[in-house]
Amino acid sequence: PEPGGQRGEPVPRPEPGGQRGEPAPRPEPGAWCLASGDVGFQRLAQIAEGLAASLAALDQASPRLWSAEPGSWILAPWDPARLRTATMEGRLFSPSGELRWRRLGAGMDASIRTVYLGCAPLPKETPLRDRSELLRDLTRGRARKVVLWGRLLPGATDGSVWIEQRVPHRFRYGFVDPASERIALLQEPWEELDGSVQFWRFVDLVPYHRPKEA
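Below, the structure is looked at part by part. It should be emphasised that the depicted structure is a prediction, and the values quoted were computed from it without experimental measurement.

## Topic: the pairing of strand β2 (residues 64–69)
Next up, step 1: The element β2 is largely enclosed, with a buried count of six among its six residues.
Next up, step 2: Side chains Arg64, Trp66 and Ala68 of β2 all project onto a buried face; the interleaved residues Leu65, Ser67 and Glu69 project onto the opposite face, where all are buried too.
Next up, step 3: Note that β2 and strand β3 (residues 72–77) share six bridges and pair antiparallel. Across the sheet, residue Trp66 finds its bridge partner in β3, namely Leu75.
Next up, step 4: Linking two consecutive strands that pair antiparallel, namely β2 and β3, is a turn of two residues; a positive phi of about 85° is found at Gly71 within it.
Next up, step 5: As paired elements, β2 and strand β4 (residues 89–94) share five bridges and run antiparallel to each other. Within the sheet, the bridge partner assigned to Leu65 lies in β4 and is Leu92.

And the structure:
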């Protein structure tokens with residue numbers, strides 16, 4: 001299925017959470033860490049802003065934000081102003097890691113379940129708890145592409161307008177590749193030895209070309 005519409009992609013299960021475990025370590029680059037906890041919006045915003053800087057330093061590029069609010073969603077390059085108090089669920093992601101969250105109730109004062117999976121260091125005073133032991137029996141699976149709605153509007157040099165005639169709708173992804181037919185969301189599974197997937201994480205937006213027929 002193609003991401004879009006009013007809700008976006010549901011958060012995969014299972015999700016580690018709660019207050020168990022030790023404070024999350026600050027991993028060295030290349031060492032993957034899993035951490036989780038329930039926080040308020042202001043704390044989520046602080047974690048996201050600090051982590052965005054760490055991800056950008058590792059990847060030499062700005063991470064991306066997917067955030068769903070009641071009746072709408074956004075997929076765009078990270079900007080602190082785009083993470084608003086109305087967010088119900090979302091992901092801050094890049095090749096080096098992903099921070100995901102889901103509000104546990106309908107009210108704006110409801111706690112937000114927050115999970116981090118990545119190799120970029122978390123902010124020093126993070127409230128998230130280390131759950132990295134859950135990664136011991138998991139392996140990183142082969143990344144897969146999910147084609148997104150829309151084709152780039154001719155002349156849109158900033159990648160802000162992708163047109164989908166089937167809906168019809170204009171999407172703003174902040175991504176541009178004039179040579180690409182469409183764009184895709186790259187997703188990476190974390191799998192058990194039997195191949196069952198325990199985590200899906202967003203990785204990046206990439207160009208997509210329809211495979212040529214033999």
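## Structural notes on the pattern of salt bridges
Next up, step 1: Per the counting criterion, the structure on display carries nine salt bridges.
Next up, step 2: Its salt-bridge partner being Arg113, residue Asp38 comes within 2.3 Å of it at the nearest N-O pair. Remark: Arg113 occurs in strand β6 (residues 112–118) and Asp38 occurs in strand β1 (residues 33–39); sequence separation between them is 75 residues.
Next up, step 3: Taking the shortest distance from any N to any O, the salt bridge between Glu188 and Arg201 comes out at 2.8 Å. Taken together, the positions of Glu188 in strand β13 (residues 182–191) and Arg201 in strand β14 (residues 197–208) put the pair 13 residues apart, joining distant regions of the chain. Exposure class is identical for Glu188 and Arg201. Each is buried.

## As for helix α1 (residues 41–59)
Next up, step 1: Look at α1: 26 Å from first C-alpha to last across 19 residues, which is about the 27 Å you get at 1.5 Å a residue.
Next up, step 2: Here α1 has its buried residues at Phe41, Leu44, Ile47, Ala48, Leu51, Ala52, Ser54 and Leu55.
Next up, step 3: Residues of α1 that are buried sit in contact with β1, β4, β5 (97–103) and β6.
Next up, step 4: Of the residues one or two after α1, Gln60 is the one with positive phi, at around 55°.

## Focus on the nonpolar core
Next up, step 1: Leu51, Leu92, Leu99, Trp101 and Leu128 are the most contacted members of the largest nonpolar core, which totals 21 residues.
Next up, step 2: Listing elements by their share of this core, those giving two or more residues are β1, α1, β5 and β6.
Next up, step 3: The biggest single contributor to this core is α1, with seven residues.
Next up, step 4: Not counting chain neighbours up to four residues away, the residues in contact with Leu92 comprise Ala48, Leu51, Ala52, Leu55, Pro63, Arg64, Trp78, Gly97, Glu98, Leu99 and Trp101.
Next up, step 5: Residues Ala68, Phe175, Leu185 and Phe202 belong to the second largest nonpolar core, which totals 13 residues.

Conventions and cut-offs
Residues numbered from 1 in each chain as written. Predicted model: local features only at pLDDT ≥ 70, side-chain atom pairs only at ≥ 80, totals over all residues. Heavy atoms only, no water. Buried < 20%, exposed > 50% of the residue type's maximum accessible area, 1.4 Å probe, protein only. Helix = DSSP H or I, 4+ residues; strand = E, 2+ residues; numbered from the N terminus. Pairing = 2+ DSSP bridges. Salt bridge = Lys/Arg side-chain N within 4 Å of Asp/Glu carboxyl O. Expected span 1.5 Å × (residues − 1). Contact = heavy atoms within 4.5 Å. Core = buried A, V, L, I, M, F, W, Y, C linked by side-chain atoms within 4.5 Å.

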